[in-house]
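Residue-level listing of the chains:
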Amino acid sequence: LCRSKDNLVARMCQKQSRLDMLHCDMRNLDENMKRIIISDDEMLAKEKAKLLKATAEKDLSMKDFLNESISAKKALLECPVCYEVASPPIHRCPKEHLICSKCLPRMNQKCPSCRTSIPDNSYSIFRIAEEVWRELQNLILKKDNM
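Residues take numbers from 1 onward in each chain, read along the sequence in its written order. Given that the model is predicted, a residue must reach a pLDDT of at least 70 before its local features are reported, and side-chain atom pairs must reach 80 or more before they are shown or counted; all residues, however, enter totals for whole chains, interfaces and linings. Based on all heavy atoms of the structure, the side-chain values leave hydrogens and waters out of the count.

(A) Up close: helix α1 (residues 2–76). Each helix corresponds to a stretch of at least 4 residues labelled H or I by DSSP, and each strand to a stretch of at least 2 residues labelled E; elements are numbered beginning at the N terminus. Every helix has an expected span of 1.5 Å times one less than the residues it contains. Given a rise of 1.5 Å per residue, 75 residues ought to cover 111 Å, and the 109 Å separating the end C-alpha atoms of α1 matches this to within 8%. Along α1, the positions that sit buried rather than exposed are Leu 66, Ser 69, Ile 70 and Lys 73. Contact definition: two residues touch when any of their heavy atoms are within 4.5 Å. Where the residues of α1 are buried, they touch α3 (127–144). Exposed residues in this analysis have more than 50% of their type's maximum accessible area, buried residues have under 20%, and partly exposed residues fall in between, with area computed by a 1.4 Å probe over protein chains only.

Below is the structure:
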């Protein structure tokens, strides 16, 4: 009986020792997992920073493109009299020089570039320039929404 009791106590001590080792292993695993999670979070933060930088650079190049496009369209629509961007209705002479509707009466229906008479009818409306004006408005809207 004593022997079986000693045997039982020895087995319990072994089991307790094994349990202590398992607890120690679990603590070590928990610490390792925390380190892995922290390094993953740091890696994710670095990747996020890279993506934000790339997105910012892309947005900047898109804004540059829009600014260049807007400037080009404004130059196409500049009235040679008042030097402002013409808006519809935009008029033209038979040689396709444009003039804004505010300046046409001041120029006595004459083209400021070639002095040709501009008829007071629907043929003097410069539809292509008006389309360019609409495109300009869309580009400005896109730029403002960025």
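(B) Region of the structure containing the pattern of salt bridges. In what follows, salt bridge is the name for a side-chain nitrogen of Lys or Arg lying within 4 Å of a carboxyl oxygen of Asp or Glu. The final tally for this structure, using the stated rule, is five salt bridges. Its salt-bridge partner being Glu 135, residue Lys 73 comes within 2.9 Å of it at the nearest N-O pair. Note that Lys 73 is positioned in helix α1 and Glu 135 in helix α3, a separation of 62 residues in sequence.

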